[in-house]
Amino acid sequence: MTLGVLAVLAMAFVMFAGFWTDWLWYRSVAYSSVFTTTLWTKIGLFLVFGLLMALAIGLNIWLAHRLRPPLSAMSLEQQSLDRYRMSVAPYKKWVLLAVTALVGLIAGASASGQWRTWLMYVNGVSFGQKDPQFKLDVSFYAFDLPWYRFLLGFGFAAVVLSLIAAAVTHYLYGGLRITSPGARATGAATGHLSVLLGVFVTLKAVAYWLDRYGLAVKSSDFKATDNWTGLRYVDANAYLPAKTILFCIAVICAVLFFATLWRRTWQLPVIGFGLMVLSAILIGGLYPAIVQKFQVQPNEQAKEAPFIQKNIDATRDAYDIDDAKVDDYAGTSTTDDSAKLRASADSAASYRVMDPNVVSPAFQQLQQKRNYYQFPKTLDVDRYKGEDGKEQDTVIGLRELNLQGLPKRNWINDHFTYTHGYGVIAARGTTTGTNPTGSPDFTESGLPTTGELGKYEQRIYYGEKTEQYSIVGGPQKELDYEEDGEKTTSYKGDSGVSLGNAFNRAAYAVSFSEPQILYSGAIGDGSRILYNRTPKERVEAVAPWLTIDGDAYPAVVDGRIQWIVDAYTTTNGYPYASRTTLGDTTADSLTTNQRAVVAQQNQVNYIRNSVKATVDAYDGKVKLYEWDTEDPVLKTWRKAFPGTVEPRADIPKELMDHLRYPQDLFKVQRELLTRYHVENPAQFYSGSDAWQVPDDPTNKEPGSVPPYYLSMKMPDQDTQKFSLTTTFTPKGRPNLGAFMAVDADAASKDYGTIRLLRVTSTVKGPGQVQSELNGNDDVAEFVRNLKGTDSDIEYGNLLTVPLDGGFLYIEPVYTRGGTQNYPLLRKVAASYGSKIVFENSLGEALNAVFGVEGDTTTPPTEPDEPPGDTTEPPATGDAALKKAIADAQKAYTAGETALKEQDWEAYGKAQKDLQAALERAAAAQPKAGGSSDSSGSSGASDSSGTEGATKPEGDDQGS
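Here's a quick rundown of the structure.

This brings us to a nonpolar patch on the surface. Residues Phe273, Val277, Leu278, Ile281, Leu282, Leu286, Ile290 and Phe294 make up a contiguous nonpolar surface patch of about 750 Å² in total accessible area. If you trace the backbone, leucine 282 turns up in helix H9 (residues 267-296). In this structure leucine 282 comes out as partly exposed when scored by relative accessible area, which is 41%.

With that settled, the discussion passes to the packing of aromatic side chains. Following the criterion strictly, the structure yields 57 aromatic pairs and no others. Centre to centre, the rings of phenylalanine 140 and tyrosine 148 are 6.2 Å apart; their planes meet at 50°, and the pair counts as tilted. Judged by relative accessible area, phenylalanine 140 falls into the buried class, the value being 15%. Between phenylalanine 140 and tyrosine 213, the aromatic rings sit 5.4 Å apart at their centres with planes inclined by 75°, giving edge-to-face as the arrangement. Taken together, the positions of phenylalanine 140 in helix H6 (residues 138-172) and tyrosine 213 in helix H7 (residues 187-214) put the pair 73 residues apart, joining distant regions of the chain. Overall, tyrosine 213 belongs to the buried group, its relative accessible area being 16%.

Here the focus is helix H23 (residues 777-787). Listed as buried for H23 are Val779, Phe782 and Leu786. Along the axis of H23, the buried residues cluster in a sector spanning 60°; they form a single face. Relative to its buried face, H23 has exposed residues pointing more than 90 degrees away, namely Asp777, Arg784 and Lys787. Sitting at the head of H23, asparagine 776 places a side-chain oxygen 2.8 Å from the backbone nitrogen of aspartate 778.

Side-chain pairing between opposite charges can occur once the charged atoms of the two side chains come close. As enumerated under the stated definition, the model contains 29 salt bridges in all. We note a salt bridge from arginine 383 to aspartate 382, for which the minimum N-O separation is 3.8 Å.

Attention shifts here to the sheet that holds strand E6 (residues 391-398). In space, the five strands of this open sheet follow the order E5-E6-E9-E10-E11, with antiparallel pairing throughout. Each end of this open sheet is capped by a strand with a single partner; those strands are strand E5 (380-385) and strand E11 (450-451). Strands E6, strand E9 (424-434) and strand E10 (437-445) of the sheet are contacted by helix H12 (residues 360-367), whose axis makes an angle of about 70° with E10.

What follows concerns the pairing of E9. Strand direction decides the pairing type here: E6 and E9, joined by five bridges, are antiparallel. Bridge pairing links leucine 398 to valine 424 in E9. Where E9 meets E10, five bridges bridge the pair, whose relative direction is antiparallel. Within E10, the position partnered with threonine 434 by the bridge is threonine 437. Two successive antiparallel strands, E9 and E10, enclose a turn made up of two residues.

Time to look at the packing of helix H2 (residues 32-66) against helix H5 (residues 115-123). The interhelical angle for the contact between H2 and H5, taken along N-to-C directions, is 100°, at an axis separation of 10 Å. Considered as vectors, H2 and H5 are oriented roughly perpendicular to each other. Here Thr38, Thr41, Lys42 and Leu45 of H2 come into contact with H5, specifically with Trp115, Trp118 and Leu119. Partitioning the contact of H2 with H5 into residue classes produces four nonpolar, two polar and one charged.

Within the open sheet, the three strands sit side by side as E13-E17-E16. Their pairing is antiparallel. Only two strands of the sheet have a single partner each, and these edge strands are strand E13 (470-472) and strand E16 (497-498). In this structure, E13 lies alongside strand E17 (residues 528-530), joined through three bridges in antiparallel fashion. Paired with isoleucine 471 across the two strands is isoleucine 529, which belongs to E17.

Note that the residue after asparagine 435, namely proline 436, is joined by a cis bond; omega there is -5°. Its place among the elements puts proline 436 in the loop between E9 and E10. Of note, the bond from leucine 447 into proline 448 is cis; its omega dihedral lies within 30 degrees of zero at -10°. Residue placement: proline 448 occurs in the loop between E10 and E11. In this structure, aspartate 320 is a non-glycine residue whose phi angle is positive, near 60°. Structurally, aspartate 320 is set in the loop between helix H10 (300-318) and strand E3 (325-329). With relative accessibility at 39%, the residue aspartate 320 sits in the partly exposed group.

The rules behind the values
Residues numbered from 1 in each chain as written. Predicted model: local features only at pLDDT ≥ 70, side-chain atom pairs only at ≥ 80, totals over all residues. Heavy atoms only, no water. Patch = residues over 30% accessible without salt bridge, like charges linked within 9 Å, V, L, I, M, F, W, Y side chains within 5 Å. Areas by Shrake-Rupley, 256 points an atom, 1.4 Å probe, with all protein chains shown as cover. Salt bridge = Lys/Arg side-chain N within 4 Å of Asp/Glu carboxyl O. Helix = DSSP H or I, 4+ residues; strand = E, 2+ residues; numbered from the N terminus. Buried < 20%, exposed > 50% of the residue type's maximum accessible area, 1.4 Å probe, protein only. Phe/Tyr/Trp six-rings, centres within 6.5 Å; stacked < 30°, edge-to-face > 60°. Arc of directions from axis to C-beta. Polar contact = N/O pair within 3.5 Å; in protein donor to acceptor, adjacent residues only side chain to side chain. Pairing = 2+ DSSP bridges. Contact = heavy atoms within 4.5 Å. Axes fitted to C-alpha atoms, helices over the stretch in contact; angles between N-to-C directions. Parallel < 35°, antiparallel > 145°, perpendicular 65-115°, else oblique. Nonpolar A, V, L, I, M, F, W, Y, C, P; charged D, E, K, R; others polar.

Don't take any of this as a statement about function, it's just geometry.
What follows is the structure, encoded as structure tokens:
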């Protein structure tokens, strides 16, 4: 008995542990109201609908049992059933309770999953817009209709289960008979089942009535576009009246079923039900098919034009693309002045030659410092002010913890000693470094980091790669970083949950299936457990009604590293707006599981970037800021969860400088704009101006070209703006169809303004430019030279920039392999018009593609000697020989370095310097021997030194 009680208590504690740890976590992040609101809503729905279902089933079973005939018919059927009645009789109450409890639990669990639907229904606010067909506010379709449909589905389930339970009970107790002589059903059973069937048909009538409104949000196949949503001609002129007629027939049929309480006959209800079924086939199916075949198809474009216009207007509004500016753009240069083009190219954009999708291995190799650190595969692009005070596009990544790189894996190391990453690494996006040549030009580097970001909290306890739990702040010290030995620290933040009491430790030991948490001596006073540590995970947890953008990015704000997370409100109930699948639309050639959108509902037809969230990398604090102040969906959720979202006015100025237009929203909008840039119904129907998002020509893996952040200016802009850009090609064609850019700087007055340039001439598309580049003679020679060093070529982002009526393509080209297994920028390709060039630097590429030297060149390096008359007399004799040997050794070393870095220009110069030094050394040898005081021994020694300089022992590469 004691063991049984203990077992039950243990099981109860296991079930309670998950609930308790969740409560502790929400309380630790100061969002306990989200936990309690969600919990009580789920409990309320569970109890209400579970009890309703249990009462419905239980009442009908009890009623069927009470209406049983006093005497059963004398037949073999009833004699067989007597055995079942006798076996059930002693346990009738328990069977009734078990059946009702089971269906109640199932129904309650199903209803609790509708907590979002309920909260949106009771808190819904008006959109202030009416649908064009029924003139109802959009909130009816977004907030009310889903709840009505749930209630209808629940009602159908309750009636059907009640009907089955009542029929089984009537049969068991003789109210229904199959083979017995006489009437097949008693009057009481007939009346009971007729009422249930009447309720079922009544619900069917309600369903027909709601189906009328459902036509406004119904998806269907249509030639004009995929995922068409809303009424078409056949819906408005056939299905809509058919649903109204079927509603009336269903009401009449329901009345006939209820009438059996007095008539005690099934004749009229069965006739009515048959009429309803026949009407559903003829009126609801055949008639619309005839209208479609003989009225619509012969002149579909004209018939559908008004409905296409409604769909266009609603879709453009629902995806916030109704203000997108579409301008015709020639695509070919408006001037022959090469000097003017070259000058314009300097100001058209800040060409980002550091591709954040390529250079992560260079960050890893040059700034990892320790094996237990790592950088994300794809880095981020942000804006920071340089030493001159001007903003510059910056490639940024955090040095996060990598447990796979630990020197020794064990529980203490994994969860107590190695707990956090350290430091921000940043590099200029428009220039390269010199150590080695072609590497990132770091503005913040080292361990601890130093540079242009100033002083900030460098410890990273919360990050994209930080998925394990850590226990900090207790007696066990953490490794901070290594510099002249290990530096240790102890967490001082208020994040995480205290493990100071045995109850919490036991709960987490159960939740994490880790018994050592309960008894480990490494846990003591002040110990706190950190978990749910990725930024997207934390934002989703505190705001489970938001859809989370796939790319959280870091920024240094007020001395702290803040993760910035864009979040969206969505709905699937915007009338007439075509739907999109977020998982598919937001995927491109760079999308991974870590960078995928976290969608609350994958199919949507309305989306707003309504919230900007931040997660502190040190203490994990989550803040939600209102961004779209007009979004009715956000207003609804703020009513449901008051106090969770801070007003937009509270966004700090320094944080505002780093907010940007989100990529996933941009991807959704660009996908919709492939068709919905057309606003004329006839042209939309024909699809003559349809676009497509091209595949990424620089990536071997299939996938759409990703959008690129770039500071640039569109033709109607006077200065560069931080923008998010993409290209389109005509449907089924490789040439350039359009170019799209959105002002991505949150501090700009034009933030979110979408500009589209529709190309009116034949211009090479990204794929064609890449194909031409691959076939270029200079590229072919470059690739051949790489083969000898066992290196590979790697293409960076192919940037497209509008320039004086044409388009300038810029593409950085990296090499990796050989002795350096990380990418280094070696070449830059450029294309304008019909010309394509492949040069050593961006400036040279721009000069070559326009055939004119530009004003912007690489700043000269500081001279090795101060200006003035520094000419030294030429060395002679022994001094000349020594100098020649030293120069030869220096040239040889420079050549070896250039060879390792695959810097062919520097390698060629080093070989020339080496040849010249060797010639001078050979010429100086006789003179040195003649002046020697030791009978030429000095000359022999120097000759030996020369040989060593030209080809050191064990090195067979030479020149």
